[in-house]
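Observations on the model geometry
This is what each chain is made of:
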Amino acid sequence: MPRERPELTSEPAPSAPTPGPEEAAARRESPPGPEERLREAELKAAEHHDAWLRAKAEAENTRKRAQEDIAKAHKFGIERFASELLAVKDSLEAALAAENASFEALRSGVDLTLRQLEAVLERQAVREINPVGQKFDPHRHQAISMLPSDKEPNTVINVLQKGYALHDRVIRPALVTVAKPKDA
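Procedures and definitions
Within every chain, residues take consecutive numbers counted from 1 along the sequence as written. Local features in this predicted model are restricted to residues of pLDDT 70 or higher, and side-chain atom pairs are both shown and tallied only at a pLDDT of 80 or more, whereas totals for entire chains, interfaces and linings draw on every residue. Where side-chain values are given, they derive from all heavy atoms of the structure, hydrogens and water being excluded. At least two bridges found by DSSP between two strands is the condition for calling them paired. Secondary structure elements are taken from DSSP: a helix is a run of H or I of four residues or more, a strand is a run of E of two residues or more, and numbering for both begins at the N terminus. Here an angle of 0 to 180 degrees is reported between the N-to-C directions of two axes, which are lines fitted to C-alpha atoms, with helices fitted over the stretch in contact. Buried means the residue's accessible area, taken with a 1.4 Å probe over protein chains only, is under 20% of the maximum for its type, while exposed means over 50%, and partly exposed covers the values in between.

Read across the open sheet, the three strands follow the order 1-4-5; overall the sheet is antiparallel. Each having just a single partner strand, strand 1 (126-129) and strand 5 (169-172) make up the two edges of the open sheet. Neighbour-to-neighbour, the strand axes of this sheet turn through a mean angle of 35°, independent of strand direction. Bridge count between strand 4 (residues 163-166) and strand 5: three bridges; the pairing is antiparallel. For L166, the partnering residue across the bridge sits in strand 5 and is R169.

Given below as structure tokens:
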């Protein structure tokens, strides 16, 4: 028996269904291939490395600037104080240059210069420690001797040399004589 041939028609043969919008989006959002992921990772690594290098350079620059600032502070930290002391020095030189000045004129000039110096010290937060009648404080005073006294024991009865403090730090303790009980 002869085989029958299918007739050819002008109608197209049925094909695979056309993908819908959901399937097309799924194909576009499919995970990238290994080469693409490697490229992305390399780009991110290069970006992070560049950011790290910049941060390292900025930290180094900041450290250098801080060192320079500290060096300048050490070198020029007393500039304002020194410039204020120059006026005191000028006053002392003027007193020494005065010929045939009377004792009273010299005394008045020295008194004025002392007040000028005290004003400079006050502006620079240098305070005098003159603890007569106060309780002895080993952090602010240095006892030279103890003398029997009617005053309460460990009270400063005499200041041999005033002390000085810069802000709250003692730069020179006061040399003092301290009271001890009479019967001791």
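With that settled, the discussion passes to unusual backbone geometry. In this structure, A125 takes a positive phi of about 65° despite not being glycine. Note on placement: A125 falls in the loop between helix 4 (103-123) and strand 1. Relative accessible area serves as the criterion here: at 22%, A125 is assigned to the partly exposed category.

For the rest of this paragraph, the subject is the sheet that holds strand 3 (residues 156-161). An order of 2-6-3 is seen for the three strands of this open sheet, with the pairing classed as mixed. Single-partner strands in this sheet number two, and they are strand 2 (141-148) and strand 3. In this sheet, adjacent strand axes meet at a mean angle of 25° when their direction is disregarded. For strand 2 and strand 6 (residues 174-180), the ladder comprises seven bridges, and the chain directions are parallel. Considered in strand 6, the bridge of Q142 is made with L175.

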